[in-house]
Amino acid sequence: METYSNETFDEERALYGSTGLLVDHCRFEGPADGESAMKESRDITVKDSYFDLRYPFWHDTHVVITDSLMTEHCRAALWYSKDVRMERTKAYGIKALRECENIEIRDCDICSPEFGWFNDSVRMKDTTAESEYFMMHSKKLYFENVKMRGKYSFQYIEDSEFVKCTFDTKDAFWHAKNVVVRDSLVKGEYLAWYCENVTFINCTIVGTQPLCYCKGLKLVDCKMIDADLSFEKSEVDATIIGSVLSIKNPKSGEIRLSHADELIMDDPDAKAVILFDEPEERQKCPCCGYYTLLGSEGDTAYEICPVCYWENDISGEYETSYSGANDMTLAEGRANYEKYGACDPRFVKKCRPPKKEEQKHA
Ligand SMILES: [Zn+2]
């Protein structure tokens, strides 16, 4: 194996067409500003290295990259490559991964618009990512504990599974096919429109107009927050824990939930069955004092009160202790509710007046 350590390369195709290469503590930067350092290479191991030039890994096979940094100048780092493992690496250039096959990414930090298009088999674990149009048109993704931020994620993906992830996104999973999302938080507007055979299990879904025009959609024990005009023209089977703001003309299937503030069924093709299991118990919101929290005491942890928007954080039981979920003390929340009609003035528009059944214990 050829070894390079503590060297700097800046020429065009510096290590082009290599087979069996160890690159350790090297830097790819300099005035020659050359591209495609390790193009058309195989069996490459890269450790603790720095990439500031464009297209370092194109048409490569068997690449291991650890503890390295690809700067924002390192555009389109990994394209058309196969069997790549990347660990503890920062990928900060635009379009860092495209049209690759059999990729493993662990403990990485990605900040790359248009990351991950047209890939086949990507396993990602314990990684943070910031990207727009993340993973578009890819298939066979398996993600675990991935925190992603950015609009238009996972559009047109197929045959994929996501476990314990947090996605802060918008227009995510549009046209996705055969996808399972488990134990995850998916925050964002217009979730998964036009998807087919997508299942959410034990997830929290946040945002306006989720899950419209879907085929074969399933929700198993999911919570839905700020979800209005949900399920429009969708074929859906859903068990929802708690309530939604509104449901609009779901096409077929069965939706089971405790409560919907509004049920709009004015389309003759809307034939889904909506079943309400009104909970036997309600709990008092510690902030506004109305009985707005649905379920037994244990079930209401982290529910958001629709009247004052206080999140039922356990630490909020004590007036003066700081509630992380609400970013204030309960005493402050109560004072704000008195003054503004919301636990925080920012949430005034999200709050609604208490209903009759919320005035006292059910
Ligand atoms: Zn309240």
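Throughout this document, residue positions are counted from 1 along each chain, in the order its sequence is written. The predicted nature of this model means local features are confined to residues of pLDDT at least 70 and side-chain atom pairs, given and counted, to a pLDDT of 80 or more, with totals for whole chains, interfaces and linings taken over all residues.

Along the backbone of the chain there are 1 helix and 33 strands. Backbone-placed C-beta atoms define the burial measure: a residue is buried with 20 or more other C-beta atoms within 10 Å of its own, exposed with 12 or fewer, and partly exposed in between. Within the chain, the proportion of its 362 residues that are buried is 40%. By definition, residues are in contact whenever their C-beta atoms, placed on the basis of the backbone, come within 7 Å of each other. Intrachain contacts of the chain at a sequence separation of at least 6 include 10% that bridge at least 24 residues. We count a stretch as a helix when DSSP gives it H or I for four or more residues in a row; a strand needs E for two or more, and each element gets its number in order from the N terminus.

Before going further, it helps to spend a moment on the nonpolar core. The nonpolar core criterion groups buried Ala, Val, Leu, Ile, Met, Phe, Trp, Tyr and Cys residues into a set whenever they are joined through C-beta atoms within 7 Å. Formed by 79 residues in total, the largest nonpolar core has its most connected members in F173 and A192. These domain boundaries are the output of an automatic or database domain assignment. Summarising the domain contributions, this core has at least three residues from each of domain 1 (1-115) and domain 2 (132-278). With residues up to four places along the chain from it excluded, the contact list for F173 reads F154, V179, L191, A192, C195 and V198. Among the nonpolar cores identified, the runner-up in size contains 18 residues, and Y291, V307, W310 and C351 belong to it.

Within helix α1 (residues 330-340), burial applies to L330, G333, N336 and Y337. What you see down the axis of α1 is that its buried residues fit within an arc of 120°, all on one side. Within α1, the exposed residues directed more than 90 degrees away from the buried face are E338 and K339. G341 sits one or two positions beyond α1 and adopts a positive phi of about 80°. This arc is built from the directions going out from the helix axis to the C-beta atoms.

With that out of the way, let us pick up the sheet that holds strand β7 (residues 57-58). Here, a strand pair is defined by DSSP locating no fewer than two bridges between the strands. A sheet is described by the order of its strands in space; here 3 strands give the open sequence β7-β10-β13, paired in parallel fashion. Two strands lie at the open edges of the sheet, namely β7 and β13 (97-98), each paired on one side alone. Taken together, the 2 bridges between β7 and strand β10 (residues 78-79) define a ladder with parallel strand orientation. Paired with W58 across the two strands is W79, which belongs to β10.

If you check the backbone angles, R13 has positive phi at about 50° while not being a glycine. Looking at where R13 falls in the secondary structure, it is placed in the loop between β2 (8-9) and β3 (19-24). Looking at R13, the number of C-beta atoms within 10 Å reads 15, which means it is partly exposed. If you check the backbone angles, N178 has positive phi at about 55° while not being a glycine. As for its placement among the helices and strands, N178 is situated in strand β20 (residues 177-182). According to the C-beta neighbour criterion, N178 is partly exposed, with 16 such atoms within 10 Å.

With that settled, the discussion passes to the domain arrangement of the chain. Assigned domains within the chain: domain 1 (1-115), domain 2 (132-278) and domain 3 (282-358). For domain 1 and domain 2, the distance between their C-alpha centroids amounts to 37 Å.

Right, let's talk about the environment of F167 for a bit. Position of F167 relative to the elements: it lies in strand β19 (residues 166-168). In this structure F167 comes out as buried when scored by C-beta crowding, with 26 C-beta atoms within 10 Å. A sequence separation of 91 residues divides F167 from A76, and the C-alpha atoms of the two residues are 24 Å apart. Other than its neighbours up to four places away in sequence, F167 contacts M148, S153, A172, S184, V186, K187 and G188.

Taken residue by residue, a regular strand's side chains alternate between the two faces of the sheet. Relative to strand β22 (residues 196-201), β20 runs parallel, the two being bridged by 5 bridges. The residue bridging V181 from the neighbouring strand is F200, located in β22. Sheet topology note: the β22/strand β24 (residues 217-225) ladder contains 3 bridges and is parallel. What sits directly across from F200, in β24, is L219.

Once that is clear, we can look at the pairing of β3. Two elements, strand β1 (residues 2-5) and β3, share 4 bridges in a ladder whose sense is parallel. Counted as the bridge partner of T3 is L22 from β3. For β3 and strand β5 (residues 42-47), the ladder comprises 5 bridges, and the chain directions are parallel. Its bridge partner lying in β5, T19 is registered against R42.

Mapped onto the secondary structure, E158 falls in strand β18 (residues 158-163). Residue E158 is classed as partly exposed on the basis of its 17 C-beta neighbours within 10 Å. Here the alpha-carbon distance between E158 and I105, two residues 53 residues apart in the chain, equals 19 Å. The contacts of E158, once residues within four sequence positions are left out, are K139, K177 and N178.

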